[in-house]
Amino acid sequence: MSDAHGHVVPTSSTARRAAALLVDVVEPAVFGPVLAPEITARHLPGEPLPVDEAVAGAFGPFAVGDRWGPPWGTTWFRLRAAVPAGWTGRQVALRFAATEPAEGLVWRDGTPLVGLSWLRPDVVLIARAAGGDVVDVYVEAAANPAVPAHDAGIDWPLLLPEPGAGPGFVLLRCELAVRRPDVYALAADLRAVLALDAAAPGRDPDLLDALDAVAAVVDPDDVQGSAEDGRSALAGVLRRPAATGTHRVTAVGHAHIDTAWLWPMRETVRKCARSFANAVTLMAEYPEFAFVCSAARHLAWVEERYPALFARIAERVATGQFQPVGGMWVEADCNLPSGESLVRQIVHGQRWYMDRFGRECTEMWLPDGFGFPASLPQIMAEAGMGWFVSQKLCWNEVNAFPHHTFWWEGLDGTRVRAHFPPADTYNGDMSLAELLRAPAAHDGGPRSLYPFGYGDGGGGPTRDMVEAARRAADLAGAPQVAMEPLAAFFAAVEADPSPLPVWRGELYLEKHRGTFTSQAATKAANRRGEELLAAAELWSAVRPDGAPWPEADLDRAWKLLLVNQFHDVLPGSSIHWVYEQAGAEHAEVQATAGRLASEAMAAVAAAVDTTGLARPAVVFNPSPYARHDLVDGVAVDVPAFGYAAVDLAGPVATGEVEMGDDWMANGHLRVAWDDRGRVTAVRDLDHDREVMVPGRPGNAFHLHHDRPAEYDAWDVDRSYLEDYEELGGPVEVAVEGPGRVRFRRSFGTSSINQCLVLGPGSRRVDFVTEVDWHERHRFLKVAFPVAVRTDRATYEIQFGHVTRATHENTPFEKARFEVCAHRWADVSETGYGVALLNDCKYGYDVRGDVLRLSLLRSPTAPDPLCDQGRHRFTYALLPHAGDPFTGGVLEAATALNVELAVVATGRHAGPLPASQSFVSLDDPGFVVVAVKRADDGSGDLVVRGHEAWGGRRQVRLRLGPPVARAWRVDLLERPRHEVPLDGDGAVVLPLRPFELVTLRFH
Ligand SMILES: [Zn+2]
């Protein structure tokens, strides 16, 4: 046990006496004589300025006890002092404290030195005063406001910048002091022995003897003079080695810095600088100390804004002490981004590390992700990553995850090694209590990993932690602690012949299930960005005019999309400011992608022969399935990844939808509704079958009370399931025309305006929906009871699908009461099924025969305005014969999400035919997700796709542009082996279920 300051709580009179000695006598004596520097300050209430601009302004007088800082403002303190002659030969420290959770960065001579925080209140400025020293430093202090607790029912403040607000922070301490390393060492020894005793109170008499001895020899009036005797009294018990075969902990320093969360990204930039500066400062003093940094974006920020600090980091990367890990651009959420987004997280991360440091990561490092999909092992393996490190599943509410070191087997059978550090934290404090969790973890094996250091601005590992680790290196009563590179742990496990347990399939987190739904606009913008970037790349790659590949534009747009997939941004668990920025950045992504696609499509259209057409246009289909659609009423068939010229002066198609007062039919489906806007019956005319359960209407809106016990934006608690009302009337029902009926309803302070659409020839029933949403702590779902009997529902995930139970036989199944899916979920019995599709949603639940889609939430923390306002989305019901794959669910979900683009063009001759596919396939079970030029600037074409139906198949793939050679490549586009081209320029791919394939064509 330890108190809030990391002190062990003693349980015997001897230990209590020694603890009092530590706290009341030894620790206060670590710092000797002090002096007050001259303090001046410059207040910048708005956004931060670079150092040269900040220090160029006028500084005014300031004193300890004065107030500074409106929320999010910055105050630069200049501290000047002449070091007294009497301090010559001594170590000189700065002791600095301000209102929590203010943070600071110490600058000297225009370069960042080291960070300050409420957990790191002192730093050494002069290792050994030479005589005549002068201190002249700046502290860039950030007025980062405190936030409320994560309890339920708290409406958080907006936490937006308030440059005009009064100063809310106080400078509590600012002094220079002589630091006494020998007294500090005694304090560290005493802490270590007290911790050993606290682990088994009173049971080791040698420890009690040592504590009695130290209390006897340390002179409270001359701690420095008696420090050596004190250390001698403790040396015996601190020299006792650990027993042979003791569990070995690989301790790596870390600072889990959320890329945005309760602060905006601009503050993350500074949090990174402070924490990384601390890490490299410690490295100079402790050569065995290693630190891992898990987001390329964070280091890239430091490179851009703090070049001198980046140079210090690069030196330590070279020595192996500062280790980039994770290989991703940011620690992304892994539920919501598309498969291709996860690939780009890795590609952009690994490329950056390769480019800057000449190395890439062999592990994925996601200690804080909210669950991990079954496709991740294969994605990792395709990028050469063999290890997965997390710990988040220790947050499971019901079922303890059974393993710490194990094989994780993905949906295609790929296995990677995985490790969940048994300390169950990513903010380890190097306390013995945390360390002792490692040997206690039942399958921890003979060794485990332990990331330690304060995250999110706390400043990373402290000197206290590193000193504690040194003392625990080989110490009776503690696990062996080795500060060593991560790779040493991996290599040792790999060399151990003992078999590892296997976990198959997704790593579902039994917590934070609200993150599939919160911040709906951000999720929708991410989905659109993913689709638009895919289209921009496709058309830019195949355009016939030889225009250069828009490398810089795509790079910037992708990185903006990727950074906003961070595990508190896309999931919806950040403050309002973060979503304002995300909205602007998503708009830029879409504008860039839209512009690139338009330019490239125009170039294609100009080359299409349209001579025979009266009013020509070219219709583009960036999706992997051929499409039949209407453009200005004219029917057009557009091949997959291709285009078709259409004559808009051609005959208008005569699709028919028959309308009644409360029904419509298009020859495939007959849909009936009631006066409450619910669908009472869907008759599948093609297969002579009722889709809905008689007497149980679908399109029923369920409005739940939604007050989770904690973590408002993150969590939906199971109790919400039973606590809802179905929205009733009155509903204004208006038939708008063939195939369209509108339902308008109000409830609470909100309204839903919805158009039920049955297109001519369509087998899809669309619900085009606008919600004006002003609820608080409500969760809106839409439900469809369907006449299908099955124990399993199928859900689309990245690069494939998974099935999950529709019942609650086991505690694991019961805990999955809200799950993540991408564009569709499906229930099928033998020969027939129903899918519920969406164009921007991710939360589903299927219980028994009821399919439900999660539409909107309204948490008030950490963003009190979360999801307030207008939303537009479409979901669709797709009844089908066969299973989801033979039944066309993928095609329908794609059509709902990917729009055809129409480019008007003149009548002209051209080298391109009237219709063409740039990527043709002979099997719908292989889905191409990316067509692009190679990243190396060679002009090679890269095509990525995956087996999507979950079966073995052999597919033939042919590109439109002529190609001479082809290779299977990894995700970084490096050749694995050449693939023969047949006489027609096509490759033939034998595929296993869910196999991910990247091809490169020259
Ligand atoms: Zn985090």
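It should be noted that the structure appears before, not after, this text.
As a starting point, this report considers the structure included with it. Just so we're clear, the structure is a prediction, and the values are computed from it rather than from any experiment.

1. A few points about the nonpolar core
Nonpolar side chains in soluble globular proteins generally cluster together in the buried interior. In this structure, Phe322 and Phe388 are the most contacted members of the largest nonpolar core, which totals 191 residues. In terms of residues, this core owes the most to one element, helix α17 (residues 576–607), which gives 13 residues. For Phe388, the contacting residues outside a window of four places in its chain are Met364, Leu366, Phe372, Leu376, Met380, Trp408, Val416, Arg417, Ala418, His419, Phe420 and Leu507. With 55 residues, the next largest nonpolar core counts Val691, Val788, Tyr832 and Leu836 among its residues.

2. Some words on the pairing of strand β50 (residues 941–947)
Along a regular strand, successive side chains alternate from one face of the sheet to the other. Counting buried residues in β50 gives seven out of seven residues, a clear majority hidden from the surface. Along β50, one buried face is formed by Leu941, Val943, Gly945 and Glu947 and the opposite face, lined by Val942, Arg944 and His946, is buried too. Strand direction decides the pairing type here: strand β49 (residues 926–933) and β50, joined by seven bridges, are antiparallel. Opposite Val927, over in β50, you have His946 as the bridge partner.

3. Notes on the side chain of Glu775
Tracing the backbone shows Glu775 in the loop between β36 (765–773) and β37 (778–785). In this structure Glu775 is buried but unpaired, with Arg778 as the nearest side chain of opposite charge at 4.8 Å. Engagement of the side chain of Glu775 in a polar contact is seen with the side chain of Ser750, the distance being 2.6 Å. With residues near it in sequence (within four places) discarded, Glu775 still touches Phe747, Gly748, Thr749, Ser750, Ser858 and Gln868.

4. Considerations on the environment of His404
Mapped onto the fold, His404 is located in the loop between β16 (387–389) and β17 (405–409). With 15 residues separating them along the chain, His404 and Val389 place their C-alpha atoms 9.8 Å apart. With sequence-adjacent residues up to four places away left out, His404 is seen in contact with Ala418, His419, Phe420, Pro421, Pro422, Asp424, Ala441, Asp443 and Gly444.

5. Points about the sheet that holds strand β54 (residues 986–991)
If you walk across this open sheet you meet the three strands as β48-β51-β54, and the pairing is antiparallel. A single partner strand is all that each edge strand has here, and the edge strands are β48 (919–921) and β54. For this sheet the average axis-to-axis angle between neighbouring strands, irrespective of direction, equals 25°. As judged from the three bridges shared by β48 and strand β51 (residues 953–959), these two strands associate in the antiparallel manner.

6. Concerning unusual backbone geometry
Residue Pro101 is bonded to the preceding Glu100 through a cis peptide linkage, with omega at -5°. Notably, Asp632 is not glycine yet its phi reads approximately 50°, a positive angle. Along the chain, Asp632 falls in the loop between β23 (627–631) and β24 (634–638). If you check the backbone angles, Phe799 has positive phi at about 55° while not being a glycine.

7. Topic: the side chain of His946
Tracing the backbone through its elements, the reader meets His946 in strand β50. By relative accessible area, which is 7% here, His946 ends up buried. Here Phe799 takes part through its backbone oxygen, which lies 3.4 Å from a polar atom of the side chain of His946. Each residue touching His946, except ones within four places of it in the same chain, is listed here: Phe799, Gly800, Gly925, Phe926, Val927, Val929, Glu995 and Leu996.

8. Observations concerning the coordination of the zinc ion
Only His256 (NE2), Asp258 (OD), Asp368 (OD) and His567 (NE2) from the protein coordinate the zinc ion, and they sit 1.9 to 2.1 Å from it. Around the zinc ion sit four donor atoms, and with donor-metal-donor angles ranging over 91 to 153° the site reads as irregular. Mapping the donors of the zinc ion onto the primary sequence yields the spacing H-x1-D-x109-D-x198-H. Taken together, the residues span a long stretch of sequence, with Asp258 in the loop between β12 (248–254) and α6 (265–285) and Asp368 in the loop between β15 (363–365) and α10 (376–382) at a distance of 110 residues. Asp368 matches Asp258 in its accessibility class, with the two residues each being buried.

Calculation rules
- Residues numbered from 1 in each chain as written.
- Predicted model: local features only at pLDDT ≥ 70, side-chain atom pairs only at ≥ 80, totals over all residues.
- Heavy atoms only, no water.
- Core = buried A, V, L, I, M, F, W, Y, C linked by side-chain atoms within 4.5 Å.
- Buried < 20%, exposed > 50% of the residue type's maximum accessible area, 1.4 Å probe, protein only.
- Helix = DSSP H or I, 4+ residues; strand = E, 2+ residues; numbered from the N terminus.
- Contact = heavy atoms within 4.5 Å.
- Pairing = 2+ DSSP bridges.
- Lys, Arg positive; Asp, Glu negative; His and termini not counted.
- Salt bridge = Lys/Arg side-chain N within 4 Å of Asp/Glu carboxyl O.
- Polar contact = N/O pair within 3.5 Å; in protein donor to acceptor, adjacent residues only side chain to side chain.
- Axes fitted to C-alpha atoms, helices over the stretch in contact; angles between N-to-C directions.
- Donors = N, O, S within 2.8 Å, 3.2 Å for Na, K, Ca; no water.
- Tetrahedral: all angles 85-135°; square planar, octahedral: opposite > 155°, others 65-115°.

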